[in-house]
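The primary structure of each chain is shown beneath.
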Amino acid sequence: MTTRSAAPAAEFEEHRPRLFAVAYRMLGSAHEAEDLVQDAYLRWSAADRDAIEHPGAWLAKVVTHLCLNRLTSARARREEYVGPWLPEPVLTGDGTLGPLESAEQRDSVSMALLVLLEQLTPVERAVYVLREAFAYGHREIAGLLDLTEANCRQLYRRAAQRVEAPRPRFQPDPARWQGLVDTFMAAARGGDLTRLEGLLSAEVAYVADGGGVINAARRPILGREKVARFLLGALEKYAAGVPVSFAEVNGQAALIFGEIGILVIEFDDALVSGLRTMVNPEKLTFLRRQLSHS
């Protein structure tokens with residue numbers, strides 16, 4: 001490889017992690033985010049880089065516009081999706097989606113928020129993600145999206161109002177996650193219905209994404225008693241003898257069930273307030289690749 005061709009590739013690699021983090025939050029799909037970042041590289045390698053004063057801003061603009069195009073087509077596909085749609089799970093303990101040191105940073109990649117972002121128009125989602133997750137100023141966002149600053153402020157306010165949802169009153173420190181998850185699984189695998197119900201909040205919701213590929217609940221299961229009974233039956237039927245490991249997925253505590261799927265566990269105080277499971281094999285490819293490299 002020549003020095004001229006190697007230099008732009010090396011410079012692009014410095015920006016790749018951030019570009020992927022932006023694209024994933026925009027799309028909710030790890031494999032589409034990877035494809036899109038590669039498209040951005042092709043545009044970068046073909047560009048007149050002498051005319052690019054700020055490579056980071058130039059690449060952020062390219063990725064943002066590519067995301068807007070993808071979101072327009074993705075909306076039609078998701079309207080035809082079988083059962084509940086969840087974002088592709090991503091292991092985040094290794095910094096794949098950037099630093100997740102605060103509750104706010106973890107929330108920016110949570111499955112709950114990414115599902116709420118599906119309600120937004122593509123440009124609303126872009127403004128919200130750039131502002132909330134990456135702390136871009138409205139003037140910077142206006143430059144990336146070719147909009148006025150006033151328009152960006154309006155879009156942000158509208159987006160924030162639409163995704164506003166009750167947040168847990170108290171989220172346990174990540175250092176406590178594994179202990180809480182171990183207690184939860186001991187009750188679930190032990191078939192202790194009373195104990196399991198005691199670990200669930202009254203409004204707990206279970207959501208499964210099988211995509212019509214794998215048999216999974218087509219509608220959310222709501223309420224402590226219904227969720228507890230469903231979990232006991234599902235674990236006995238589908239996960240008996242399956243190895244289980246703990247991980248951080250999308251900034252939250254999660255269990256990985258062998259090759260079957262993952263279960264993301266949301267807490268409110270010390271109670272389980274939400275369970276989101278991904279069993280659609282087409283949406284587990286990225287996570288499995290991460291696991292193979294860990």
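Look up a bit, the structure's there.
Note that the coordinates shown come from a computational prediction; the quantities given were computed from them, not determined experimentally.

(A) View of the pairing of strand β3 (residues 244–249). Relative to strand β4 (residues 252–257), β3 runs antiparallel, the two being bridged by six bridges. Paired with Ser245 across the strands is Ile256, a residue of β4. Here β3 folds back onto β4 in antiparallel fashion, the turn holding two residues, of which Asn250 has a positive phi close to 50°.

(B) Seen up close, the pattern of salt bridges. Per the stated rule, a full pass over the model turns up 13 salt bridges. A salt bridge links Arg16 to Glu13; the nearest nitrogen and oxygen atoms lie 2.9 Å apart. In this pair, Arg16 and Glu13 both sit in helix α1 (residues 3–27), three residues apart, roughly one turn of the helix. Owing to a relative accessible area of 40%, Glu13 belongs among the partly exposed residues under this scheme. For Glu124, the salt bridge is made with Arg158, and the minimal N-O distance between the two is 3.3 Å.

(C) Spotlight on the packing of helix α3 (residues 55–79) against helix α7 (residues 138–145). Put simply, α3 and α7 touch, their axes get as near as 9 Å, and they point 65° apart. The way α3 lies across α7 gives a crossing that is right-handed. In contact with Ala57, Ala60, Lys61, Thr64, His65 and Leu68 of α3, α7 contributes Gly143, Leu144 and Leu145. Its residues assigned to classes, the contact of α3 with α7 comprises five nonpolar, three polar and one charged.

About the cut-offs
- Residues numbered from 1 in each chain as written.
- Predicted model: local features only at pLDDT ≥ 70, side-chain atom pairs only at ≥ 80, totals over all residues.
- Heavy atoms only, no water.
- Pairing = 2+ DSSP bridges.
- Helix = DSSP H or I, 4+ residues; strand = E, 2+ residues; numbered from the N terminus.
- Salt bridge = Lys/Arg side-chain N within 4 Å of Asp/Glu carboxyl O.
- Buried < 20%, exposed > 50% of the residue type's maximum accessible area, 1.4 Å probe, protein only.
- Axes fitted to C-alpha atoms, helices over the stretch in contact; angles between N-to-C directions.
- Left-handed = near helix turned anticlockwise from the far one by under 90°.
- Contact = heavy atoms within 4.5 Å.
- Nonpolar A, V, L, I, M, F, W, Y, C, P; charged D, E, K, R; others polar.

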